[in-house]
Amino acid sequence: MTDPTPDLWRRVDTYLTDTLVGHEPGLERAVADQNDAGLPAIEVAPVNGKLLHLIARISGARRVLEVGTLGGYSTIWLARGVPDDGRVVTIEAEPHIADLARANLDRAGVGAKVEIRRGRGADVLPTLVDEEPFDLVFIDADKESNTIYLDWAARLGRPGTVVVVDNTVRGGEVANPATENPQIIGVQRGLEMLGRDPRFEATALQTLDAKGYDGIAIALVV
Ligand code: DHB
Ligand code: MG
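Residues numbered from 1 in each chain as written. Chains lettered and ligands numbered in written order. Predicted model: local features only at pLDDT ≥ 70, side-chain atom pairs only at ≥ 80, totals over all residues. Heavy atoms only, no water.

**Looking at empty space enclosed by the protein**
Consideration 1: In the structure shown here, the tally under the stated rule is one cavity of 30 Å³ or more.
Consideration 2: Quantified by volume, the largest cavity comes out at close to 30 Å³.
Consideration 3: Surrounding the largest cavity, Asn-146, Leu-150, Val-165, Thr-168, Val-187, Gly-190, Leu-191 and Leu-194 form its lining.
Consideration 4: Looking at the lining of the largest cavity, the elements with two or more residues in it are helix H7 (146-156) and helix H8 (182-196).
Consideration 5: A per-element tally of the lining of the largest cavity places H8 first, with four residues.
Consideration 6: For the lining of the largest cavity, the residue count by class is five nonpolar, three polar and no charged. (1 Å grid on protein atoms, 1.4 Å probe; cavity = no way out; pocket = protein on both sides within 12 Å on 5 of 7 lines; lining within 4 Å. Points joined across faces, edges and corners; volume = space filled by probe spheres on them. Helix = DSSP H or I, 4+ residues; strand = E, 2+ residues; numbered from the N terminus. Nonpolar A, V, L, I, M, F, W, Y, C, P; charged D, E, K, R; others polar.)

**Side note on the environment of Asp-106**
Consideration 1: By the secondary structure assignment, Asp-106 is in helix H5 (residues 95-107).
Consideration 2: For Asp-106, a relative accessible area of 43% translates into the label partly exposed. (Buried < 20%, exposed > 50% of the residue type's maximum accessible area, 1.4 Å probe, protein only.)

**Focus: the packing of helix H2 (residues 25-36) against H5**
Consideration 1: Two elements in contact, H2 and H5, have axes whose closest approach is 9 Å; the angle formed by their N-to-C orientations is 160°. Viewed along their axes, H2 and H5 adopt a mutual orientation that is roughly antiparallel. Taken as a pair, H2 and H5 cross one another with a handedness that is right-handed. For the pair H2 and H5, contact is made by Arg-29, Ala-30, Asp-33 and Gln-34 and by Leu-100, Asn-104 and Arg-107, respectively. (Axes fitted to C-alpha atoms, helices over the stretch in contact; angles between N-to-C directions. Parallel < 35°, antiparallel > 145°, perpendicular 65-115°, else oblique. Left-handed = near helix turned anticlockwise from the far one by under 90°. Contact = heavy atoms within 4.5 Å.)

This is a description of form; function is not addressed.
Pasting the structure below:
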């Protein structure tokens, strides 16, 4: 087998997306509005969004916590994976981005299931301690804070809670021990924590999709 060229893996991603994910207006308009607003196109790829959706359903999640809303693309996928009386609590630090996400979520028909908590993750997460534990946590915000978010994921979860971390490969830079990029260092610290912290059992996969070469970590709170 030959190593995939970018042209090949992009064609494969398109094929998989067309074959298994499809195209749905609520999701695609959320991305279009996010792009029109000048936000970075760093939402998860469609195949990854559907994976989050399936993880929510496979785990029977009723309460989902997301750190990093952006335009609400992954939030829509997650919200569609919880039952009608389920909840997605999503944290967004930038007020104008939270406003855009609110509009996207409402238009996609999942507004009633989603609470947007405005503020930085490290400030908002401690305010959730008195709520029912979360069944699924998706971490997709500033990478420098990944260890803080993982610590809160364990504290706000329960044994059996699933934790997914986006952007764990970063074009391969994660394997560079000499990196001085604070985001990469944040990703490395997060993965090291998942490997060492007895609260978690974890693995990670490299991904090649519409967003390029990156990866996701998946952990279980034990
Ligand atoms: C980038 C991608 C992401 O998915 C993210 O959460 C943050 C940054 C990026 O490509 O820069
Ligand atoms: Mg991301």
